[in-house]
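# Observations on chain architecture
Chain residues, written in single-letter form:
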Amino acid sequence: DVKVTQSSRYLVKRTGEKVFLECVQDMDHENMFWYRQDPGLGLRLIYFSYDVKMKEKGDIPEGYSVSREKKERFSLILESASTNQTSMYLCASFSGRPQNIQYFGAGTRLSVL
Amino acid sequence: GNSVTQMEGPVTLSEEAFLTINCTYTATGYPSLFWYVQYPGEGLQLLLKATKADDKGSNKGFEATYRKETTSFHLEKGSVQVSDSAVYFCALVPPSNTGKLIFGQGTTLQVKP
């Protein structure tokens, strides 16, 4: 079974803090993704990575950056957390052909106070 | 561009009722189509998928058929259970196959005993 592990289920941070959300997958997938999920807005893509050190902006990259130093690990960074970044964050990795399946982690619920 | 439209929720049903959640899509070429499910407090899990026209995906009593002529992928279940209460997301992966999922807004299903 593919396993996508997010390091924290719940986080509480202060405004202005630098926040790291970590995601690890164990299936040697090349493509990995970070989404945020908000009520009424569905899932929105923040960033994705298609290889080590390679990244592309998604639909809402402002206020975020990412790091992919190793294939199995994809980190989302909030450089200076703000209250409007309070959300559920979901990481996923992509199997590629022929399955074409994205596998999701359990999510990190982040509260910025 | 690519997009997915789902019926708005919430959908409230009694146990053993028939379920349909409508999903239509816009895409060039032949995307892969998916239904994901999110149980309360958890990440997304793949429910079923279809990769070409007329394919039927099925899992846990749920079914959906890839209809190219109507650009639809409606989710159905003959007899829902309380444990099916969750948020259901329809999604597509475009033929470019970077793995980027295009999600619908999600439909909340509540099943009452």
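As the structure is a prediction and not an experimental result, all values here were calculated from the model. Numbers given for residues are sequential positions, taken from 1 along each chain in its written order. The order in which chains are written sets their letters, starting at A; the order in which ligands are written sets their numbers, starting at 1. Reporting of local features is limited, given that this is a predicted model, to residues whose pLDDT is at least 70; pairs of side-chain atoms are given and counted only at 80 or more, and all residues count toward the totals for whole chains, interfaces and linings. Values shown for side chains rest on all heavy atoms present in the structure; no hydrogens or waters enter the calculation.

### Some remarks on the overall build of chain B
Numbering of helices and strands starts at the N terminus; helices are DSSP runs of H or I of at least 4 residues and strands are runs of E of at least 2. A tally of helices and strands in chain B yields 0 helices and 12 strands. For chain B, the α and β elements follow one another from N to C terminus as β-β-β-β-β-β-β-β-β-β-β-β. When we talk radius of gyration, it's over C-alpha atoms, and the globule rule is simply 2.2 Å times the number of residues to the 0.38. For chain B, whose C-alpha radius of gyration is 13 Å, the value lies close to the compact-globule estimate of 13 Å for 113 residues. Dimensions of chain B, computed from C-alpha atoms along their principal axes, come out at roughly 45 × 30 × 20 Å. By the convention used here, residues are in contact when the closest approach between their heavy atoms is within 4.5 Å. For chain B, the share of sequence-separated contacts (at least 6 apart) that also reach a separation of at least 24 residues comes to 55%. Per-residue accessibility takes into account occlusion by the displayed protein chains alone, with areas from the Shrake-Rupley method and a 1.4 Å probe. As displayed, chain B has an accessible area near 5,200 Å², and 48% of this comes from carbon and sulfur atoms. Here the positive residues are Lys and Arg and the negative ones are Asp and Glu; neither His nor the chain ends is included. Each charge is placed at NZ for Lys, CZ for Arg, CG for Asp and CD for Glu. Computing the positive centroid from 9 side-chain charges and the negative centroid from 10, chain B places the two 7 Å apart.

### Here's the deal with the nonpolar core
Nine residue types can take part in a nonpolar core, namely buried Ala, Val, Leu, Ile, Met, Phe, Trp, Tyr and Cys, and a core is a set of them joined through side-chain atoms within 4.5 Å. Only protein chains enter the calculation, and the probe is 1.4 Å; a residue is then buried if its accessible area is under 20% of its type maximum, exposed if over 50%, and partly exposed in between. In this structure, B:Leu19, B:Trp35, B:Leu47, B:Leu48, B:Phe73, B:Leu75 and B:Tyr88 are the most contacted members of the largest nonpolar core, which totals 26 residues. Counting only elements with at least two residues in this core, the list comes to strand S2 (11-14), strand S3 (19-21), strand S4 (23-26), strand S5 (32-38), strand S6 (44-50), strand S8 (62-65), strand S10 (86-93) and strand S12 (107-112) of chain B. It is S10(B) that contributes the most residues to this core, 4 residues altogether. Once you skip the residues sitting within four places of it in the chain, B:Leu75 turns out to touch B:Leu19, B:Thr20, B:Ile21, B:Trp35, B:Leu47, B:Leu48, B:Phe62, B:Glu63, B:Ala64 and B:Tyr88. Grouped together as the second largest cluster of nonpolar side chains are 20 residues, A:Leu21, A:Tyr64, A:Val66 and A:Phe74 included.

### What to know about the state of the cysteines
When the sulfur atoms of two cysteines come within 2.5 Å, that pair is taken as a disulfide. Following the criterion strictly, the structure yields 2 disulfides over all chains and no others. The side chain of A:Cys23 participates in a disulfide bridge whose partner is A:Cys91; the two sulfur atoms lie 1.9 Å from each other. Between A:Cys23 and A:Cys91 the disulfide shows an S-S torsion of about -75°. By sign, it is left-handed. Of this pair, A:Cys23 sits in strand S4 (residues 23-25) while A:Cys91 sits in strand S10 (residues 87-94); the two residues are 68 residues apart in sequence, bridging distant segments of the chain. Each member of the pair A:Cys23 and A:Cys91 is classed as buried. With a sulfur-sulfur separation of 1.9 Å, B:Cys23 is cross-linked through a disulfide to B:Cys90. One quick way to see it: the torsion about the S-S bond of B:Cys23 and B:Cys90 is about -70°, and its sign makes the bridge left-handed. Remark: B:Cys90 occurs in strand S10 and B:Cys23 occurs in strand S4; sequence separation between them is 67 residues.

### Section: the environment of A:Val12
Residue and element names in this part refer to chain A. Looking at the secondary structure, you find Val12 in strand S2 (residues 10-13). By relative accessible area, Val12 is classed as exposed at 57%. Residues Val12 and Ser87, 75 residues apart in the sequence, show an inter-C-alpha distance of 11 Å. In this view, Val12 contacts Ser111 and Leu113; residues no more than four positions away in its chain are not counted.

### Considering the interface of chain A and chain B
Facing 22 residues of chain A, the contacting portion of chain B comprises 20 residues. Buried area: the accessible surface (1.4 Å probe) lost by two parts on joining, summed over both. Taken together, both faces of the contact between chain A and chain B bury some 1,700 Å²; the carbon and sulfur share is 52%. Broken down residue by residue, the surface that chain A buries against chain B is led by A:Leu43, A:Asn100 and A:Phe104, which jointly contribute 26%. Polar contact is defined as a pair of N or O atoms within 3.5 Å, subject to the rule that within protein one atom must be able to donate a hydrogen and the other to accept it, and that residues adjacent in sequence are counted only when both atoms are side-chain atoms. There are 5 residue pairs in polar contact (both at pLDDT 80 or more) connecting chain A and chain B. Of all the elements in the fold, those that place two or more residues in the side of chain A that touches chain B are strand S5 (31-38), strand S6 (42-51), S10 and strand S11 (102-104) of chain A. For the side of chain A that touches chain B, the class distribution of residues is 12 nonpolar, 8 polar and 2 charged. We call Asp, Glu, Lys and Arg charged. Ala, Val, Leu, Ile, Met, Phe, Trp, Tyr, Cys and Pro are nonpolar, and the rest, Gly among them, are polar.

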